[in-house]
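Structural overview for review
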Amino acid sequence: MPVLVVPEGTRLLLVAGSLSVAVALPLIMSSFIKKQRAIFSSPTQVPGVVASSDNSESQSSGDYHYDYIVAGGGTTGCVLAARLSEQPNVRVLLLEAGQSGVKNLLTHIPAGPPLLFETPADWALSTVPQAHANERSLFWPRGRMLGGCSSMNAELFQYGSPSDFDEWARTSGSSEWSWDNFKQYLSKFERFVSHKDFQVDDSLRGQSGPMRTGFVGNFSMWAQSFIRSTNAVGVPIRKDFNTSEGTIGVGKSMSFINDNGTRCSTETAYLTPEVLARPNLTVLVDAQITRVVLEDDATKGKKAVGVEFASGSSRKLYTVRASREVIVACGSAHTPQILMLSGIGPAEHLKTVGVLVQRDLPGVGQNLLDHPSVNLRFRVPAKESIGKVALKGWKQIYAVPSLLQWLIFGNGPMLCNVGESFAFVRSDDQTYFPKSEYPEMLEDTTSGPGAPDIEMYASPLAWWDHARMPVVPVSHPESLCSLVAVLLRPTAMGSIMLKSSDPFESPLINPNYLGSEHDMVVLRRAIKLLSRIIQAGPLAQLLVEETEPLLDNNIHLASDAEIDRIIKERVETTYHPTSTARMAPESDGGVVDAELKVYGVAGLRIADASVLPTIPSGHPVAAIIAVAEKAADLILRDLK
């Protein structure tokens, strides 16, 4: 690999830029945190918290100081805490294992998520070796801070197809979750701001919610060319992917990015200083939930009365009680883990790890769904890539100009939200997959005839292993771009299981990627469609001649067997795990009912991605925020 020599003048400029960043950062951070935030970090500061005796059962004499405990301050927990505490007579406690994301500069940078991986803000989970993906154990980053994954995702605002929610209604047995009835919650959180370059029907967008949506973000020539090239092979242009008309098409992605170029997370949007100043809301960080405290009720059977949590480096255990409900909002990996640690889950599995069974509920941890993705990487002229922002080691200094541009002006490559443009298609659409060339008979796994099962997106940079590798295996990574194929409706399901009864040991995660022939075939079709797109229109003009074997400039020449090899070598998570405590009849593997109440345990609800009956055919975060909005209404409806 050639050695990069940095000219002396360039080196001086870069050093000067680095010093400028060091001086500017404290000033910039003070603008992000406008006033002292009322967030507690010590259990001794919080009323109603009791130290567990000898790290054992909670003290039943503990005061019911709170009406509701929200266990988990991630994407949905912040929404629930803000909405429930709007009622001044309701006392709410929000517990979060990590710290505030707002106080971490990297969460504010739209292109910053990889810099958060494997830091204290990330749970940094890993899967078991994947049997159908070359026995690789795959990295699973999950947000460990207020705002959760909304504080470290790609800020993409796209909630799936309308028929996805009709499928939820059929699965849950309640029309409240249908598109016609649920879409009000998708609008409720949204505060859309129009953009002169991307005109949509503003009347179809939410206007008064806390989450800023719109078209703010980097829009590279690569992303623009992807739209034109994808359209050239027959995919229609779509301006707005979040309407009743559905999602089939290609266009610029909307984002959760503020006008000043910073990330809009559920922490920044919902836990504002004004909300945190409410006397009936208490927020405690550095509080890792270890279990839900259950008691026997003479009339209700098992009842959730509080939670146990650990705090500080000593992991000292505390308990706190709720007079009305505990709402678990720890996400698709940790919610089933906490339920099982509490004795709620598959009885035989709990017995094998030494957990006392409180409620045999076989669906807990089952039905895991995710969006497997495969990244294709292409050599382009350096000016068309923003790869400098992703360089590692001392080469990170080359990102300084872009960082300064973002800090001072709120624009530039640091506004990249990874998927700057995307397309949604069906794997049975004969426009792209004629039967004469694609004879396989595929199961229709979509939620309806207008819903996709393939996503493709364009990114003006490339990465290996979630951008964690200190040295990438090709030369000049600063001149690479990516196209990514995503399987939206997998048939292979996985599971989350306990490794042991130790709450500090990560769960066993088996997403079962490529566990069905269907999933492999659909991903193969997606890559073959991308191989046509890369040879069409303006994208083809951006490619430069390249022979490095790990790059894909010649993917259009690959055989099916070669594509299958690429899929098995490269398949990774798109960070969208769902459905491990799904809303469905208990007889169908459900864990919660249509009101998100856990079967057989009074006073316990779940409100996070784990309750989704099926995975949306898009980016789930918007749907998950809407689930939290609806959950708050369901909870307060019972209060009346």
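Residues numbered from 1 in each chain as written. Predicted model: local features only at pLDDT ≥ 70, side-chain atom pairs only at ≥ 80, totals over all residues. Heavy atoms only, no water.

What to know about the overall build of the protein chain
- Along the backbone of the protein chain there are 16 helices and 24 strands.
- Rg of the C-alpha trace for the protein chain: 24 Å, near the compact-globule value of 26 Å for 640 residues, within the 12% margin.
- Overall size of the protein chain, expressed as C-alpha extent along the three principal axes, is 75 × 60 × 50 Å.
- Expressed as a percentage of the 640 residues in the protein chain, the buried residues total 62%. (Helix = DSSP H or I, 4+ residues; strand = E, 2+ residues; numbered from the N terminus. Rg over C-alpha atoms; globule rule 2.2 N^0.38 Å. Buried < 20%, exposed > 50% of the residue type's maximum accessible area, 1.4 Å probe, protein only.)

Some thoughts on the sheet that holds strand S17 (residues 372–379)
- Here we have six strands laid out as an open sheet, ordered S9-S18-S19-S20-S17-S23, and antiparallel in their pairing. Of all strands in the sheet, those bounded by a partner on one side alone are strand S9 (249–252) and strand S23 (572–573).
- For strand S18 (residues 421–425) and strand S19 (residues 454–459), the ladder comprises five bridges, and the chain directions are antiparallel. Residue pairing in the sheet places Val 425 in a bridge with Ile 454 of S19. (Pairing = 2+ DSSP bridges.)

Some thoughts on the side chain of Gln 337
- Here Gln 337 lies in helix H10 (residues 331–341).
- Residue class for Gln 337 comes out buried when judged on its relative accessible area of 5%.

A closer look at the side chain of Arg 238
- Mapped onto the elements, Arg 238 comes out in the loop between helix H7 (221–232) and S9.
- For Arg 238, a relative accessible area of 17% puts it in the buried group.
- Side-chain polar atoms of Arg 238 contact the backbone oxygen of Gly 246, separated by 3.5 Å.
- Setting aside residues up to four positions removed in sequence, Arg 238 forms contacts with Glu 245, Gly 246, Thr 247, Ile 248, Gly 249, Val 250 and Gly 251. (Polar contact = N/O pair within 3.5 Å; in protein donor to acceptor, adjacent residues only side chain to side chain. Contact = heavy atoms within 4.5 Å.)

Describing the pattern of salt bridges
- Under the definition given, this model contains 37 salt bridges.
- Linking Arg 605 and Glu 325 is a salt bridge whose minimum nitrogen-to-oxygen distance equals 2.7 Å. Residue Arg 605 is located in strand S24 (residues 604–606), and its partner Glu 325 is located in strand S14 (residues 316–328); the two are separated by 280 residues in the primary sequence.
- Note on Arg 605: relative accessible area 3%, which makes it buried.
- Using a relative accessible area of 9% as the deciding quantity, one classes Glu 325 as buried.
- Linking Glu 586 and Arg 359 is a salt bridge whose minimum nitrogen-to-oxygen distance equals 3.1 Å. A residue pair is termed long-range when its members are at least 10 positions apart, and Glu 586 in the loop between S23 and S24 and Arg 359 in strand S16 (residues 359–360) qualify at 227 residues.
- The class for Glu 586 is partly exposed, based on a relative accessible area of 33%. (Salt bridge = Lys/Arg side-chain N within 4 Å of Asp/Glu carboxyl O.)

Overview of helix H16 (residues 621–639)
- Counted at 1.5 Å a residue, the expected span for H16 with its 19 residues is 27 Å, and the 27 Å between its end C-alpha atoms agrees.
- In terms of residue burial, H16 counts as a mostly covered element, since 15 of its 19 residues are buried. (Expected span 1.5 Å × (residues − 1).)

A few points about the packing of helix H6 (residues 179–188) against H16
- Put simply, H6 and H16 touch, their axes get as near as 8 Å, and they point 105° apart. Taken together, H6 and H16 sit at an angle that is classed as roughly perpendicular. Packed against H6, whose contacting residues are Phe 182, Tyr 185, Leu 186 and Lys 188, the element H16 presents Ala 622, Ala 623, Ala 626, Val 627, Glu 629, Lys 630 and Asp 633 at the interface.
- Looking at the contact of H6 with H16 residue by residue, the classes come out as seven nonpolar, no polar and four charged. (Axes fitted to C-alpha atoms, helices over the stretch in contact; angles between N-to-C directions. Parallel < 35°, antiparallel > 145°, perpendicular 65-115°, else oblique. Nonpolar A, V, L, I, M, F, W, Y, C, P; charged D, E, K, R; others polar.)

Quick look at helix H15 (residues 560–570)
- Those residues of H15 that fall on the buried side of the exposure criterion are Ile 563, Asp 564, Ile 566, Ile 567 and Arg 570. The buried residues of H15 occupy an angular sector of 160° when projected down its axis, which confines them to one face.
- The secondary structure elements touched by the buried residues of H15 are S17, helix H13 (517–533) and S23. (Arc of directions from axis to C-beta.)

Things to note about the environment of Glu 86
- Here Glu 86 shows up in the loop between helix H2 (75–84) and strand S3 (92–95).
- Since its relative accessible area comes to 41%, Glu 86 is described here as partly exposed.
- A distance of 2.8 Å separates polar atoms of two side chains, one belonging to Glu 86 and the other to Arg 83.

Side note on unusual backbone geometry
- A positive phi angle, close to 60°, is found at Glu 118, a residue other than glycine.
- Considering the arrangement of structural elements, one finds Glu 118 in the loop between helix H4 (113–116) and strand S4 (125–126).
- If you check the backbone angles, Ala 124 has positive phi at about 50° while not being a glycine.
- Note on placement: Ala 124 falls in the loop between H4 and S4.
- By relative accessible area, Ala 124 is classed as partly exposed at 30%.

Overview of the pairing of S14
- Here S14 lies mainly inside the structure; ten of its 13 residues are buried.
- In the sheet, strand S1 (residues 50–51) pairs with S14 via two bridges, with the strands oriented antiparallel. Among the inter-strand pairings, Ala 51 is bridged to a residue of S14, identified as Tyr 318.
- When strand S2 (residues 66–71) meets S14, the two strands line up parallel, connected through five bridges. Following the sheet pairing, Ala 71 is matched in S14 by Val 328.
- In this structure, strand S13 (residues 301–311) lies alongside S14, joined through six bridges in antiparallel fashion. Along S14, the bridge assignment pairs Glu 308 with Thr 319.

Some thoughts on the packing of aromatic side chains
- As enumerated under the stated definition, the model contains 25 aromatic pairs in all.
- Both rings, one in Phe 309 and one in Tyr 318, keep their centres 5.7 Å apart while their planes meet at 20°; by these two values the pair is stacked.
- Seen from the ring of Phe 219, Lys 252 lies directly overhead, with NZ or CZ sitting 5.2 Å from the centre.
- The ring of Trp 177 carries Lys 630 above its face, with NZ or CZ at 5.4 Å from the centroid. (Phe/Tyr/Trp six-rings, centres within 6.5 Å; stacked < 30°, edge-to-face > 60°. Lys NZ or Arg CZ within 6 Å of the ring centre and 35° of its normal.)

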